[in-house]
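One letter stands for each residue in the lines below.
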Amino acid sequence: MGEVRARLLGREVGVHTIGDLLYRFPYRYIDRTRMWQICEVDESMESTYIQLRCRVSGISFVGEGAKQRFIVEITDGTGSGEMVWFRGIKWIEKSIEVGREYIVFGRPTLYRSRLQLVHPDVELVEQALSRRRESGLQGIYSTTEKLAQAISAKSMYNIVCNAWKLVAADEHAFREVLPEALRTRNGLITLREAIYNIHFPQSAERLRAAEYRLKYEELLGVQLTIQARRSVRYARNDGFIFPRVGALFNKFYRENLPFMLTGAQQRVIKEIRADMVSGRQMNRLLQGDVGSGKTMVAFMSMLLAVDNGYQACIMAPTEILARQHYASMTRFAQGLNVRIAILTGASKAKERREALEGIASGEVDILIGTHALIEDRVKFSNLAYVVIDEQHRFGVEQRAKLWTKNLQPPHILVMTATPIPRTLAMSLYGDLEVSVIDELPPGRKPIATYHYHDSARLRMFGFLRKEIAKGRQVYIVYPLIKGSEKMDYKDLYDGFDSISRDFPLPEYRITVCHGKMKNDDKEAAMAQFKRGEADILIATSVIEVGVDVPNATVMVIESAERFGLSQLHQLRGRVGRGGEQSYCILMTGDKLSKEGRARLEAMCATNDGFRLSELDLKLRGAGDIHGTQQSGEAFELNIANLATDTQIMQITRDEAIAILEGDPQLELPHNRMWAELRDRYRRRERVDFSNIS
Ligand code: ADP
Ligand code: MG
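Residues numbered from 1 in each chain as written. Chains lettered and ligands numbered in written order. Predicted model: local features only at pLDDT ≥ 70, side-chain atom pairs only at ≥ 80, totals over all residues. Heavy atoms only, no water.

Trainee: Would you mind showing me how to read the overall build of the protein here?
Mentor: Counting secondary structure elements, the protein contains 25 helices and 22 strands. The principal-axis extents of the C-alpha atoms in the protein amount to approximately 90 × 75 × 40 Å. Surface exposure of the protein reaches about 32,200 Å², of which carbon and sulfur atoms provide 50%. Across the protein, the centroid of the 96 positively charged side chains sits 1 Å from that of the 88 negatively charged ones. (Helix = DSSP H or I, 4+ residues; strand = E, 2+ residues; numbered from the N terminus. Areas by Shrake-Rupley, 256 points an atom, 1.4 Å probe, with all protein chains shown as cover. Lys, Arg positive; Asp, Glu negative; His and termini not counted. Charge placed at Lys NZ, Arg CZ, Asp CG, Glu CD.)

See the structure below:
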């Protein structure tokens, strides 16, 4: 390969050596035995590769100089189209002859409903057929805009072919890392076979075997990292011990508990308690759907800490939510000898002083707050338990600061209403334990969810009037505060104007809450709504998380196509908190993407957050799920997918645990190969993931 292209490969995709090149696997394969007919090509095929067999019926040059285009007319008896080149015209022109037949390979676009292929790969039919291909599967490698200009899909393939030929005979080239016994046990092909078949699949079956083997190797590396940390943490055995279920917990349970705990809540509290007497530091993720009662679990487990003479804190992602936790927890704690304080970025001088002094002197037992809690000046006298609410709102490093607030690491409970599969959670967050609340408090009616187009707006307004007449309250949520010209989404300002027209005072009382408002004003608006002094709350997604107003029964989401699935589900969770039937109305324009439509349909079909999150994973792929970016920082994965390869993750996890038994750090000589594998996929880590949940 020429020097220019080689340098480009290095710069654009980090390929510097033959090894780099061969460790860059195709991201998909196309079937080169499949020939399409021109009449079959339609819009749905626009970003996929197709292959045509067609005759050149004419050529022409359009434009001058740098703007010149070379256009080649093609036909295959079922239809016609054109190929277009903007660059490299001189070179391509030489290889095209009118009247001859070619195999054309490229991505189709329909330009004024006529097939067009820009810069396709072109090969004379005779030539193409003379080349023997074992399976017809050809790898497509990911590329960048710059790289694609210099190296076409076909040349990329040829470069990889040449690279393979150079090393094929070298027995040191792909030294096996997995011992034969392990390979046999797990049905894994050799590394060399896998590398060959991942690039040049001899059959669909060989390809699957190659993928499996390579994923296995990667995930075993990941698991060796995770499990090694786990054994270190277990061996440390320096967790705070809370031996007593004391006066506070018992008194609260007997006298203050406002409802019967659900079975799931009881089970989770037991799980937490077991951790707290184990001597190990707890590192637990609590997944529970919106409204499943995680706050009560947090509060009761904090009492366990206080009963044993320690302090606890809970960190919430928003001011509104922190205030709400403060209000409900002070209510729970009425008549108990427990002192609760709040600290947020908006705390006034007096509140701040009381919190800071109280927490430093030990007078305050429970501190509730926002990320203001992690500031350096917040010094606890004896913090032993940290609860983090809605963890996806916090960055890894932000959270990590909390566990340095005491010499000994505090127990950690992380709560989330956006569940992720267990194995994914474990790889994202290291070796944490997972608890699930899979049961809603009794008497909840499922929220009825409907999708309306904008044309049904008047009907929707009619429905809101009826609900308000019954004394209920309504949320209307907008994706934007102020619209931008580029985006055709409903915005809060316009919404407010039109709602105030259709719902005039004094019959209807409207209040507004959005992220750009001052904290005091936001709070005042929320408080007003909570007291029932407003019928309609117009808001942005600041109210997404946690807000609890049981009398609100309708959630209207404007431009719902704009929101992600988990966000929609969170927003919906703001209603259905009292005994009344509640409704969620998703408003959209008429134009919807396929994915957007799928999201709305899923919302209408189910109230189950776990099912929605699985679907979300399928729709978006793991890359977009919150947290996988973080895991991407920790592990450099080439082929395995933390979100979808859960079965291999499970298998390699067991294997890793067995390997680490007796040599948790892989320091013994005969374990060197495992240490190598562990380090191969691990990037330099900026934070210690063992404590990060
Ligand atoms: P989330 O899990 O979304 O944080 P919350 O803790 O805010 O849910 O609880 C939602 C609502 O359900 C609150 O009003 C809470 O008081 C109520 N709740 C919690 N547990 C129970 C229970 N066991 N029985 C009845 N109501 C409950
Ligand atoms: Mg909550």
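Trainee: Sorry, what's going on with the packing of aromatic side chains here?
Mentor: One pair of aromatic rings is described through two measures. These are the centre distance and the angle between the planes. Tallied over the entire structure, the rule returns 19 aromatic pairs. Pairing Y23 with F174 gives two aromatic rings, centres 6.3 Å apart and planes at 50°, and the pair type is tilted. You can see Y23 sitting in the loop between helix 2 (18-22) and strand 1 (28-31) and its partner F174 sitting in the loop between helix 6 (153-168) and helix 7 (180-186), a full 151 residues away along the chain. Considering the side-chain rings of Y157 and F200, the 6.0 Å spacing of their centres and the 80° angle between planes classify their relative orientation as edge-to-face. With Y157 in helix 6 and F200 in the loop between helix 8 (191-199) and helix 9 (204-236), this pair connects stretches of sequence that are 43 residues apart. Assigned by exposure class, Y157 and F200 land together as buried. What links up through ring pairs into an aromatic cluster is the set Y23, F25, Y157, W164, F174, Y196 and F200. The residue whose ring lies beneath R34 is W36, and the NZ or CZ to ring-centre distance is 3.8 Å. Taking the ring centre of F503 as reference, the NZ or CZ of R465 above it sits at 4.7 Å. (Phe/Tyr/Trp six-rings, centres within 6.5 Å; stacked < 30°, edge-to-face > 60°. Buried < 20%, exposed > 50% of the residue type's maximum accessible area, 1.4 Å probe, protein only. Lys NZ or Arg CZ within 6 Å of the ring centre and 35° of its normal.)

Trainee: How should the confidence of the model for the protein be read in this particular structure?
Mentor: Note that predicted coordinates carrying low pLDDT should not be read in detail. Taken as a whole, the protein shows an average pLDDT of 86; of its residues, 90% reach a score of 70 or greater. Of all the helices and strands in the protein, helix 23 (residues 628-634) carries the lowest mean pLDDT, 43, while strand 13 (residues 366-369) carries the highest, 98. Scored below 50 in pLDDT, residues 622-633 shows 30 contacts in the model against residues more than four places distant or in partner chains. Scored below 50 in pLDDT, residues 684-693 makes 36 contacts in the model with residues more than four places away or belonging to other chains. (pLDDT = per-residue confidence, 0-100. Contact = heavy atoms within 4.5 Å.)

Trainee: In this structure, what is going on with the nonpolar core? I would like to understand it.
Mentor: Nonpolar side chains in soluble globular proteins tend to end up buried together. L464, Y475, I543, M555, V556 and I557 are the most contacted members of the largest nonpolar core, which totals 53 residues. Setting aside its immediate chain neighbours within four residues, I543 contacts Y475, V477, M526, L537, M555, L571 and R574. Counting residues in each nonpolar core, the second largest holds 41 residues, with L261, L286, M302 and I314 among its members. (Core = buried A, V, L, I, M, F, W, Y, C linked by side-chain atoms within 4.5 Å.)

Trainee: Would you explain the domain arrangement of the protein in this entry?
Mentor: Quite often, the size of an interface is put as the accessible area lost when its parts meet. Domain assignment breaks the protein into domain 1 (3-167), domain 2 (247-276 + 293-416) and domain 3 (448-606). The C-alpha-based centres of domain 1 and domain 3 are spaced at 49 Å. (Domains from an automatic or database assignment.)

Trainee: In this structure, what is going on with the site of ligand 1? I would like to understand it.
Mentor: Surveying the vicinity of ligand 1 reveals 16 residues, the closest of which are M260, G291, K294, T295 and R444. In this structure, an oxygen atom belonging to ligand 1 sits 2.8 Å away from a side-chain N or O atom of K294. In isolation ligand 1 offers 570 Å² of accessible surface; the protein chains occlude 83% of this area. A breakdown of the residues in the shell around ligand 1 according to their chemical character gives five nonpolar, six polar and five charged. (Near = heavy atom within 4 Å. Polar contact = N/O pair within 3.5 Å; in protein donor to acceptor, adjacent residues only side chain to side chain. Nonpolar A, V, L, I, M, F, W, Y, C, P; charged D, E, K, R; others polar.)

Trainee: Explanation requested: the pairing of strand 3 (residues 69-75) in the structure shown.
Mentor: For a regular strand, the rule is simple: side chains alternate between the two faces of the sheet. In the sheet, strand 2 (residues 50-62) pairs with strand 3 via seven bridges, with the strands oriented antiparallel. Bridged to S60 within strand 3 is I71. Count of turn residues in the strand 2/strand 3 antiparallel hairpin: six residues, of which G63 carries a positive phi of about 80°. Pairing analysis gives six bridges linking strand 3 to strand 4 (residues 80-85), with the strands arranged antiparallel. The partner of F70 across the bridge, within strand 4, is W85. Between strand 3 and the antiparallel strand that follows it, strand 4, lie four residues; G77 among them carries a positive phi value of about 90°. (Pairing = 2+ DSSP bridges.)

Trainee: How should the side chain of R678 be read in this particular structure?
Mentor: Checked against the element boundaries, R678 lands in helix 25 (residues 672-680). Take R678: its relative accessible area is 12%, and that puts it in the buried class. The contact partners of R678, leaving out residues within four places of it in the chain, are G221, L224, T225, Q665 and L666.

Trainee: Teacher, can you tell me more about the pattern of salt bridges here?
Mentor: Between side chains of opposite charge, a pair can form when the charged atoms approach closely. Under the counting rule described, the total for this entry stands at 37 salt bridges. When the shortest N-O distance is used, the salt bridge between K348 and D520 registers 3.5 Å. Here K348 is found in the loop between strand 12 (340-343) and helix 14 (349-361), whereas its partner D520 is found in helix 19 (residues 519-530), with 172 residues between them in sequence. For D520, a relative accessible area of 45% puts it in the partly exposed group. K470 is paired through a salt bridge with E467; the nearest N and O atoms lie 2.8 Å apart. Overall, the relative accessible area of 2% leaves E467 in the buried class. Salt bridges here are not isolated pairs; linked through shared partners, they connect R267, E271, D275, R284 and D438. (Salt bridge = Lys/Arg side-chain N within 4 Å of Asp/Glu carboxyl O.)

Trainee: How should helix 17 (residues 457-469) be read in this particular structure?
Mentor: Quick reminder: α-helices carry 3.6 residues per turn. Residues three or four places apart thus point the same way. The terminal C-alpha atoms of helix 17, which comprises 13 residues, lie 18 Å apart, in line with the 18 Å expected from a rise of 1.5 Å per residue. Turning to helix 17, its buried residues are R457, M460, F461, L464, E467 and I468. Along the axis of helix 17, the buried residues cluster in a sector spanning 120°; they form a single face. Turned more than 90 degrees away from the buried face of helix 17, the exposed residues are L458, R459, K466 and A469. Along its buried surface, helix 17 packs onto strand 17 (448-453), strand 18 (473-477), helix 18 (492-502), strand 20 (536-539), strand 21 (552-557) and strand 22 (583-588). (Expected span 1.5 Å × (residues − 1). Arc of directions from axis to C-beta.)

Trainee: Mind showing me how you'd approach the state of the cysteines here?
Mentor: Working definition: the covalent bond between the sulfur atoms of two cysteines is a disulfide. Counting across every chain of the model gives zero disulfides. C54 takes part in no disulfide bond, and the closest cysteine sulfur to it belongs to C39, at a distance of 13 Å. (Disulfide = S-S within 2.5 Å.)

Trainee: Just to check I follow, could you spell out the sheet that holds strand 3 for this structure?
Mentor: Pairing between the strands of a sheet comes from backbone hydrogen bonds, and it takes one of two forms, parallel or antiparallel. Ordered by their spatial adjacency, seven strands build an open sheet running 6-7-4-3-2-5-8, and the pairing between neighbours is mixed. The outermost strands of the open sheet, each flanked by one partner alone, are strand 6 (108-111) and strand 8 (121-124). Shown here is a sheet whose adjacent strand axes are inclined to one another by a mean of 40°, direction ignored. (Axes fitted to C-alpha atoms, helices over the stretch in contact; angles between N-to-C directions.)

Trainee: How should I be thinking about the packing of helix 13 (residues 319-332) against helix 19 in this particular structure?
Mentor: Between two packed helices, the angle of one axis relative to the other and the distance separating the axes together describe the packing. Packing of helix 13 against helix 19 leaves a shortest axis separation of 10 Å and a crossing angle of 50°. By the angle class used here, helix 13 and helix 19 are oblique. As for the relative orientation of helix 13 and helix 19, their crossing is right-handed in sense. Contacts between helix 13 and helix 19 involve E319, I320, R323 and Q324 from the former and N519, K522, E523, M526 and K530 from the latter. Classifying every residue of the contact of helix 13 with helix 19 by side-chain character gives two nonpolar, two polar and five charged. (Parallel < 35°, antiparallel > 145°, perpendicular 65-115°, else oblique. Left-handed = near helix turned anticlockwise from the far one by under 90°.)

Trainee: For this particular structure, what's the right way to read the packing of helix 12 (residues 294-307) against helix 13?
Mentor: For the pair helix 12 and helix 13, interaxial distance at closest approach is 11 Å and the crossing angle is 55°. Classified by the interaxial angle, the pair formed by helix 12 and helix 13 is oblique. Along this stretch, helix 12 crosses helix 13, giving a crossing that reads as right-handed. Residue-level contacts link T295, M296, F299 and M302 of helix 12 to H325, M329 and F332 of helix 13. Its residues placed into classes, the contact of helix 12 with helix 13 shows five nonpolar, two polar and no charged.

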